[in-house]
Amino acid sequence: MRREISSKTHVGLACLGLFTVALFLTAYSVKNPALARVGSALVLKCITPALGAADTLRNHASSVWNGYINLIGTARQNGELRAELQALQSRVALLGEAQRENSRLRELLKFSSERQLHGVTAAVIGGDPSGWVKGLLVDRGSTSGVAPGMAVIHPQGVVGQVVAVTAYSAKVLLVSDHASGVDVLMETSRARGVVEGAGERVCELKFVTKDISVKVGEQVITSGMDGVYPKGLVVGHVAQVGNSSVGLFQPVEIKPSVDFARLEEVLLVPSAASATGAAVLNYPAQGVEKGGE
Amino acid sequence: MRLLVCFFVAVMLLSIQGILHSVGVPAWLIPQGLLVCVVFLAFYEFSLAGVVMAFLLGLLLDMSSGVLLGPWAGSYIIVYAIFAFLSQRLFVESVVVKMSVVAVGTILGGIVFLLLAFEYQSVSREDLVVLCGQALASAAVAPVVFKVLSRAWRRSGVSVSGRAGIVSAV
């Protein structure tokens, strides 16, 4: 019992003493804040590792969590961006195509204005479905003023002639078709002849007498005498000159200047023959509609 | 040894308080871990060593604030003294009692601190709200801290059941 009382007294006295110390310290540190700061640095040193570790852990957890959330967002965003990319790619392709078309049409316009040719611009929309006739289909018909017999030309040269017209399309017979014929002039010798189709990408120059010197590579231009093609348009160049011992005329092979397989836009120019039909053609005009006449 | 464990636990609790502050937990939600330790000491370490430890824990908190040295030390001494003398008449085996004692101790400690630091720090209504919040938060963690410290006390052969104050003091 006495021991207990003694212990209580000691504890009570200790409490009193230390409270007094605390009071003294408080009063002293109010006047000298540096004292508090000294101890503060020590305590901070003790708890900083724990705080640092916790901060690292928190940052890690935060980054994992954010990464996960972002991953969900990224997947959705990725899908959206892919769709957007696809749309933009097709748009770029369309714009590129429009730009190229624009460029070709400008060229065609320039060509027609330089040559003072007033016609209708048409886009090539197909070839001859039968495969036996070398022809093209264009997207302009009688409603646009297209009529059979109109010359179809391109800045590269002569393409052919309109042989059939519907309201919204027209059929063009290429110069490379057997039934086609173009009255031409040799550029240097000025000798006349007729170019007729002879194959896929070959024409034949007929009625050039043997006394005329024909050189390979010489250009062949329209004479304007057939009443279809304006004078001076390039038809092609001499690819080969044959030496036949029989007959009055020499066989001359012409390579057309136009690549018919790559034609996209053409110019349809009215000619003297367009009102009455194909003048110099062996090919019969067909499918002529009322509006096209 | 047990007092060293108590000090280590106190430092850990102080670190946790710092972490909670740094992650943006509101001040009224952060428990006063050191005060819980002081209340535990008051009940289970009725001795000079317990008084010194309570004082040191208060000083530790003062030093961690870096503003004033002494008010928390004084405050903890008062809390220790009151509960140490009460411990002979009060059983703290029940969780509810532990929590209640810690809540009261927190408010008491806070009031003493505010009185001691009155010259330096003005008291606002917000301080009282924080104090009440901290009392509840401290009460919430009290059973856990008591359990951890009880284990250390048991390992050093001190009984922590019944009127612990009398038993451990001797």
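Residues numbered from 1 in each chain as written. Chains lettered and ligands numbered in written order. Predicted model: local features only at pLDDT ≥ 70, side-chain atom pairs only at ≥ 80, totals over all residues.

## Notes on the overall build of chain B
Stage number 1. Each helix and strand counted, chain B has 7 helices and 0 strands in total.
Stage number 2. In chain B, the order of α-helices and β-strands from amino to carboxyl end is α-α-α-α-α-α-α.
Stage number 3. By residue count, 50% of the 170 residues in chain B fall in the buried class.
Stage number 4. Summarising the internal contacts of chain B: among those between residues at least 6 apart in sequence, 73% fall at separations of at least 24. (Helix = DSSP H or I, 4+ residues; strand = E, 2+ residues; numbered from the N terminus. Buried ≥ 20, exposed ≤ 12 C-beta atoms within 10 Å, placed from the backbone. Contact = placed C-beta atoms within 7 Å.)

## Here we look at the pairing of strand 4 (residues 157-165) of chain A
Along any regular strand, the residues point their side chains to alternate faces of the sheet.
Residues and elements named next belong to chain A.
Stage number 1. Most of strand 4 sits out of view: 9 of its 9 residues are buried.
Stage number 2. Sheet topology note: the strand 4/strand 5 (residues 170-174) ladder contains 5 bridges and is antiparallel. Residue glycine 160 lies in a different strand from strand 5, and its bridge partner there is leucine 174.
Stage number 3. The hairpin formed by strand 4 and strand 5 contains 4 residues between the paired strands. (Pairing = 2+ DSSP bridges.)

## Points about helix 2 (residues 33-44) of chain B
Stage number 1. In a regular helix each residue adds 1.5 Å, so 12 residues correspond to 16 Å; helix 2 of chain B covers 17 Å between its end C-alpha atoms and thus fits that length.
Stage number 2. Of the residues making up helix 2 of chain B, those classed as buried are Gly33, Leu34, Leu35, Val36, Cys37, Val38, Val39, Phe40, Leu41, Ala42, Phe43 and Tyr44 of chain B. (Expected span 1.5 Å × (residues − 1).)

## Observations concerning unusual backbone geometry
Residue and element names in this part refer to chain A.
Stage number 1. In this structure, arginine 190 takes a positive phi of about 60° despite not being glycine.
Stage number 2. Structurally, arginine 190 is set in the loop between strand 6 (181-186) and strand 7 (192-197).
Stage number 3. Residue arginine 190 is classed as exposed on the basis of its C-beta count, with 10 C-beta atoms lying within 10 Å.
Stage number 4. Even without a glycine there, the phi angle at phenylalanine 207 is positive, about 65°.
Stage number 5. Within the secondary structure, phenylalanine 207 is located in the loop between strand 8 (203-206) and strand 9 (219-222).

## Focus on the interface of chain A and chain B
By a widespread convention, an interface's size corresponds to the accessible area lost as its parts come together.
Stage number 1. Between chain A and chain B, the contact holds 28 residues from the first and 35 residues from the second.
Stage number 2. Listing elements by their share of the side of chain A that touches chain B, those giving two or more residues are helix 1 (2-31) and helix 2 (33-114) of chain A.
Stage number 3. Here the residues of the side of chain A that touches chain B are counted per class, giving 18 nonpolar, 6 polar and 4 charged. (Nonpolar A, V, L, I, M, F, W, Y, C, P; charged D, E, K, R; others polar.)

## As for the packing of helix 3 (residues 48-65) of chain B against helix 4 (residues 71-86) of chain B
Residues and elements named next belong to chain B.
Stage number 1. The interhelical angle for the contact between helix 3 and helix 4, taken along N-to-C directions, is 145°, at an axis separation of 7 Å. In the crossing of helix 3 with helix 4, the sense of the turn from one axis to the other is right-handed. Of helix 4, the residues touching helix 3 (which contributes Gly50, Val51, Ala54, Phe55, Leu57, Gly58, Leu59, Leu61 and Asp62) are Pro71, Trp72, Ala73, Gly74, Ser75, Tyr76, Ile77 and Tyr80. (Axes fitted to C-alpha atoms, helices over the stretch in contact; angles between N-to-C directions. Left-handed = near helix turned anticlockwise from the far one by under 90°.)

## Some words on the packing of helix 5 (residues 95-116) of chain B against helix 6 (residues 125-155) of chain B
All names here are of chain B.
Stage number 1. Contact geometry of helix 5 with helix 6 gives a least axis separation of 8 Å together with a crossing angle of 140°. The orientation of helix 5 relative to helix 6 falls into the category oblique. As for the relative orientation of helix 5 and helix 6, their crossing is right-handed in sense. Taken together, the residues of helix 6 that come into contact with helix 5 (itself represented by Val95, Lys98, Met99, Val102, Ala103, Thr106, Ile107, Gly110 and Leu114) are Asp127, Leu131, Gln134, Ala135, Leu136, Ser138, Ala139, Ala142, Pro143 and Phe146.
Stage number 2. Residues of the contact of helix 5 with helix 6, tallied by class, amount to 13 nonpolar, 4 polar and 2 charged. (Parallel < 35°, antiparallel > 145°, perpendicular 65-115°, else oblique.)

## Considerations on the confidence of the model for chain A
A low pLDDT score tells you not to read the predicted coordinates there in detail.
Stage number 1. Summing up the model confidence of chain A, the mean pLDDT is 81 and the portion of residues at 70 or higher is 88%.
Stage number 2. Here residues 275-293 of chain A scores under 50 on pLDDT; set against residues more than four positions off or in separate chains, the count is 56 contacts. (pLDDT = per-residue confidence, 0-100.)

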